[in-house]
Every structure is written in structure tokens, then in C-alpha cells.
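Tertiary structure, described
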Amino acid sequence: MYEKNFPHKRFGLTLEFLEKHIPKTDTVMDLGVENPFTLIMKDAGYQVSNTGGEDLDNDTSSIENFKGEVVTAFEIFEHLVSPYTSLKAIPCNKCMISVPLKLWFSNAYRNKNDIRDQHYHEFEPWQLDYVLEKAGWKVVDRIKFTNPVKKFGIRPLLRKFTDRYYVVYCEKANPS
């Protein structure tokens, strides 16, 4: 998946933020299929399971049936038409989410050869905050960070100081 461009900075900052808020005794469900960051979480001592690759816009049963303490959604909501549906389905009281931020100088990512490898959304921070609030979540902490690339040009230069990722730790506004 990341043969030539392993995202060391993104994964490092995301793991640091996860460790700040989620104890390793909590059971985690990570939305989406097992991926390199799932393995990083496991290597760090977290008990992690994943959803099975189902279309979470149409089938949230694996989320609804989860019996653990926290749901994570790292780089998944940009692929959904409606993240709201998955957010409403989360039965536990904690979640952590990361999304790519919309860049004014670049179009949303799209792989024309793979329907599952494209972004329906790229967010502005307020948009993620809004859908979270509407779905009953309160953002407790947040970080944003850049994603510099080792290329030359105007876009690579802009990526050195333009935030590219947004990560939030949330708790249910009215826990049940």
C-alpha cells in the first residue's frame, strides 16, 4: 500500500495522539479493513479489530454490534458519502477520527480505476466538527498537521506549511 511513500510523520503523530487519549486496556474497533496503521496500533499494545470491508454507507451492523470502548476511523470518512450514518451507529462513548483536509490548491483524490480508492469528501475542520456534533459527539481534543513531500514545485512547497490532516478525539455528548 505504501511501498514508496510510507507516511512516517502522519502515523507517528496519530499514534502519539491516540496514546494521549486512549488507554491500551481499551478494546478498539478500527473502521475499514486491516491496514498498516492497524498493525502499528497492535504493535503499540492495543487490542484492535477491523470492520470487514463492507460499505459503511449501507451496512453499519459491525459498528452497531461492537462491544468495546473506542471506535477509530483513520482516513476512512473521506471515502463515505455519509459519515453521519457510521457516527450515529457507534455504540461506545469514545471515538478518534482523522481526515484529510481540503487543500485549496489541489483537487480531491480520485483513482479512476478503483471506486473504493477515491475521496468523496475532503474536509475543512468545521465540516467534520459539524457532522460530529450533529451525530451526538463532542470534540474533546484536536490536532492538525502538514504533510510535506520530497518533490520540487509550487504544490510541494505549499504542503510544507498548509495543514493536510485533522485528527480529533471525541466523546458522546450525552452518554447512555
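Below is a short write-up of the structure.

Reading the values: the criteria
- Residues numbered from 1 in each chain as written.
- Predicted model: local features only at pLDDT ≥ 70, side-chain atom pairs only at ≥ 80, totals over all residues.
- Heavy atoms only, no water.
- Helix = DSSP H or I, 4+ residues; strand = E, 2+ residues; numbered from the N terminus.
- Contact = heavy atoms within 4.5 Å.
- Areas by Shrake-Rupley, 256 points an atom, 1.4 Å probe, with all protein chains shown as cover.
- Pairing = 2+ DSSP bridges.
- Axes fitted to C-alpha atoms, helices over the stretch in contact; angles between N-to-C directions.
- Salt bridge = Lys/Arg side-chain N within 4 Å of Asp/Glu carboxyl O.
- Buried < 20%, exposed > 50% of the residue type's maximum accessible area, 1.4 Å probe, protein only.
- Phe/Tyr/Trp six-rings, centres within 6.5 Å; stacked < 30°, edge-to-face > 60°.
- Arc of directions from axis to C-beta.
- Polar contact = N/O pair within 3.5 Å; in protein donor to acceptor, adjacent residues only side chain to side chain.
- Parallel < 35°, antiparallel > 145°, perpendicular 65-115°, else oblique.
- Left-handed = near helix turned anticlockwise from the far one by under 90°.

Okay, the overall build of the protein chain next. Looking only at helices and strands, the protein chain has six helices and six strands in total. For the protein chain, the α and β elements follow one another from N to C terminus as α-β-α-β-α-β-α-β-α-β-α-β. Expressed as a percentage of contacts within the protein chain between residues at least 6 apart in sequence, the contacts between residues at least 24 apart total 67%. Total accessible area on the protein chain is roughly 10,000 Å²; 51% of this is exposed by carbon and sulfur atoms.

The next point concerns the sheet that holds strand β3 (residues 70–74). What holds strands together in a sheet is hydrogen bonding between their backbones, with the strands either parallel or antiparallel. Across the sheet, which stays open at both edges, the six strands sit in the order β2-β1-β3-β4-β6-β5 with mixed pairing between neighbours. Here the strands that pair on one side only, and so sit at the sheet edges, are β2 (47–50) and β5 (137–146). Recorded for the sheet is a direction-independent mean angle of 20° between the axes of neighbouring strands. With nine bridges connecting them, β5 and strand β6 (residues 163–172) associate as antiparallel partners. Counted as the bridge partner of Trp-137 is Lys-172 from β6. Across the face of the sheet, helix α2 (residues 36–43) comes into contact with β1 (27–30), β2 and β3 while running at roughly 160° to β2. Relative to the sheet, helix α5 (residues 125–134) contacts β4 (94–100), β5 and β6, its axis offset from that of β6 by approximately 20°.

It is worth spelling out the pattern of salt bridges at this point. A side chain of one charge can pair with a side chain of the opposite charge if their charged atoms are brought near each other. Using the criterion set out here, one finds five salt bridges in the structure. Lys-20 is the partner of Asp-141 in a salt bridge, and the nearest nitrogen-oxygen pair spans 2.8 Å. Placement of the pair is Asp-141 in strand β5 and Lys-20 in helix α1 (residues 8–21), with a sequence separation of 121 residues. Taking the relative accessible area as the measure of exposure, Asp-141 reaches 18% and is therefore buried.

Once that is clear, we can look at the packing of aromatic side chains. Within the structure shown, the criterion is met by three aromatic pairs. Judged by centre distance (5.3 Å) and plane angle (50°), the ring pair of Phe-11 and Phe-37 falls under tilted. Pair noted here: Phe-11 is in helix α1 and Phe-37 is in helix α2, with a separation of 26 residues, a long-range link. Given a relative accessible area of 7%, Phe-11 falls into the buried group. Put simply, the rings of Phe-11, Phe-37 and Phe-74 pair up and form one aromatic cluster.

Residues of α2 that are buried: Phe-37, Thr-38 and Met-41. Within α2, the buried residues cover an arc of 110° as seen down the axis, which keeps them to one side. At its buried positions, α2 is contacted by α1, β1, β2 and β3. Measuring from the side-chain oxygen of the N-cap residue of α2 to the backbone nitrogen of Phe-37 gives 2.8 Å; that N-cap residue is Asn-35. The first or second residue beyond α2 is Gly-45, which carries a positive phi of 105°.

Turning our attention to the packing of α1 against α2. Relative to each other, α1 and α2 sit at 45°, their axes nearing to 11 Å. Classified by the interaxial angle, the pair formed by α1 and α2 is oblique. Between α1 and α2 lies a crossing whose hand is right-handed. Across from Phe-11, Thr-14, Leu-15 and Leu-18 in α1, the residues of α2 making contact are Pro-36, Phe-37, Ile-40 and Met-41.

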